[in-house]
Amino acid sequence: MSTFAEILLNGVSLGSVYALIALGFVVIFRATEVVNFAHASLLLAGGYLTATLHDDLGFWPALLVGIAGAACVGAAVEFLVMRRYRGSDHSVLAIVTIGVDILLTTELTRRMGTDVLALGDPWGDAVLKVGPISLAHTRIAAFVAAALLITAFLLVFRYTSWGVAMRAAAESAETAALMGVRLGRVSLGAWAVAGGLAAVAALFLTVFPTPGLERATSLAALKAFPAAILGGLDSTTGALVGGLLVGVTESLATGYQSDLTFLGRGLGDLAPYLVMVAILLVRPAGLFGTKELARV
């Protein structure tokens, strides 16, 4: 029972980090109706800035620079690239984000080389023990940070003019524009917020028990993609639930891998996608996604 509780708590913590990444997917999709496949490179950019600057600036200033830098990269991608394709088909815009991701990821991995970069976090390998249950301090910090950021985002989304503008744009971009909503600002803000959230997620994906930031870190964004899809790409609530569901599923599949050897190795990496497919077979729009009806 203690093993199950420990695996479950680690899964919830990991899921909260996935929820941050999934929220970035949802924010951009709600603002622009574009699936952002460049999200992985935003995550890598934020982590790289934090890793390279923490020796000179200290951890917390470097983290702030990493968050701001990833937000600026996201805003630059929107302003310099995506805005030039405004009005194009959404599938074309999604392909453009793939090209942006390839360019950014290639440049960042070229700079990193084969090194594994530490981010200089203050928690180290400290572990909290409560009876038979052990939980790394980094996991606790990840859950607390994700809860605070998600709560802050939801409050901003609900009560600020930017949040109202984003919700209006998500309902009907054309109507929102006619009512005076500046869609360019909404889109720019969405990309910046997504970049900042990705930078925070990069921190908690690369601290203990993982060795640090490396080329493969950006692949973590692909694990959060099923969270956004199964929750519903246009639902902030769905991103949270989907992230937790994916994190718990991955943690349970990995923790009980030895009992599931008949299913093959690497089940933990595959489990999120299996859950996504199973849910989409029942609810094609995701758990909280909006169903659209069309008259034909």
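Being a predicted model, the structure only gives us computed values, none of them experimental.

Reading the values: rules and limits
- Residues numbered from 1 in each chain as written.
- Predicted model: local features only at pLDDT ≥ 70, side-chain atom pairs only at ≥ 80, totals over all residues.
- Heavy atoms only, no water.
- Helix = DSSP H or I, 4+ residues; strand = E, 2+ residues; numbered from the N terminus.
- Buried < 20%, exposed > 50% of the residue type's maximum accessible area, 1.4 Å probe, protein only.
- Contact = heavy atoms within 4.5 Å.
- Areas by Shrake-Rupley, 256 points an atom, 1.4 Å probe, with all protein chains shown as cover.
- Lys, Arg positive; Asp, Glu negative; His and termini not counted.
- Charge placed at Lys NZ, Arg CZ, Asp CG, Glu CD.
- Salt bridge = Lys/Arg side-chain N within 4 Å of Asp/Glu carboxyl O.
- Polar contact = N/O pair within 3.5 Å; in protein donor to acceptor, adjacent residues only side chain to side chain.
- Pairing = 2+ DSSP bridges.
- Phe/Tyr/Trp six-rings, centres within 6.5 Å; stacked < 30°, edge-to-face > 60°.

**Student:** Even after reading the chapter, I still don't get the overall build of the protein, so can you show me in this structure?
**Tutor:** A count of helices and strands for the protein gives 11 helices and two strands. Helices and strands appear in the protein in the N-to-C order α-α-α-α-β-β-α-α-α-α-α-α-α. Overall, the C-alpha framework of the protein stretches about 60 × 50 × 35 Å when taken along its three principal axes. Here the protein, with 296 residues, has 47% of them falling under the buried criterion. Of the contacts formed within the protein by residues at least 6 apart in sequence, a portion of 76% connects residues at least 24 apart. Summed over its atoms, the accessible surface of the protein is roughly 14,600 Å², and 66% of this surface lies on carbon and sulfur atoms. Of the charged side chains in the protein, 18 are positive and 19 negative; the average position of the first set lies 8 Å away from that of the second.

**Student:** Would you mind going over the environment of Thr-254 with me for this structure?
**Tutor:** Residue placement: Thr-254 occurs in helix α10 (residues 236-255). Look at Thr-254 and you get partly exposed, because its relative accessible area is 46%. C-alpha separation for the pair Thr-254 and Thr-138, spaced 116 residues apart in sequence, amounts to 19 Å.

**Student:** Even after reading the chapter, I still don't get the pattern of salt bridges, so can you show me in this structure?
**Tutor:** When charged atoms on two side chains of opposite charge get close, those side chains can pair. Per the stated rule, a full pass over the model turns up three salt bridges. Between Glu-107 and Arg-110 there is a salt bridge, with the nearest N and O atoms lying 2.7 Å from each other. Here the residue Glu-107 and the residue Arg-110 both occupy positions in helix α4 (residues 90-112), the gap between them amounting to three residues, near one helical turn. With a relative accessible area of 30%, Glu-107 lands in the partly exposed category. Of the residues examined, Arg-110 reaches a relative accessible area of 55% and is grouped as exposed. When the shortest N-O distance is used, the salt bridge between Glu-107 and Arg-111 registers 2.8 Å. Of this pair, Glu-107 and Arg-111 both sit in helix α4, four residues apart, which is roughly one turn of that helix. Several salt bridges converge on common partners, so that one network encompasses Glu-107, Arg-110 and Arg-111.

**Student:** When you look at the side chain of Ser-251 in this model, what are you seeing that I'm missing?
**Tutor:** Along the polypeptide, Ser-251 turns up in helix α10. When its relative accessible area of 13% is taken as the criterion, Ser-251 is described as buried. Here Ile-7 takes part through its backbone oxygen, which lies 2.9 Å from a polar atom of the side chain of Ser-251.

**Student:** I keep staring at unusual backbone geometry and nothing clicks. Help me out?
**Tutor:** Where the residue is not glycine, phi is negative for most of them; where a peptide bond is considered, it is trans in most cases. That bond from Phe-208 to Pro-209 is cis: its omega, 10°, falls within 30 degrees of zero. Considering the arrangement of structural elements, one finds Pro-209 in the loop between α8 (183-206) and α9 (220-231). The residue Glu-33 is not glycine, and still its phi comes out positive at about 60°. Secondary-structure assignment places Glu-33 in the loop between α1 (2-32) and α2 (39-57).

**Student:** Explanation requested: the pairing of strand β1 (residues 127-130) in the structure shown.
**Tutor:** Looking along a regular strand, one sees side chains alternate from face to face of the sheet. Of the pairings in the sheet, the one linking β1 to strand β2 (residues 133-136) comprises four bridges and is antiparallel in character. Each bridged residue has a counterpart across the sheet, and for Leu-128 the counterpart in β2 is Leu-135. Connecting the antiparallel pair β1 and β2 is a turn made up of two residues, with Gly-131 showing a positive phi of about 65°.

**Student:** Looking at this model, I keep getting lost on the packing of aromatic side chains. Mind explaining?
**Tutor:** Two descriptors summarise a pair of aromatic rings, namely the distance from one centre to the other and the angle between the planes of the rings. Applying the stated rule across the entire model yields seven aromatic pairs. Here the aromatic rings of Trp-60 and Trp-123 are separated by 6.2 Å at their centres, their planes lie at 90°, and the arrangement is edge-to-face. Within this pair, whereas Trp-60 is found in helix α3 (residues 59-80), its partner Trp-123 is found in the loop between α4 and β1, the two being separated by 63 residues in sequence. An aromatic cluster is built from Phe-59, Trp-60, Trp-123 and Phe-204, whose rings are joined through pairwise contacts.

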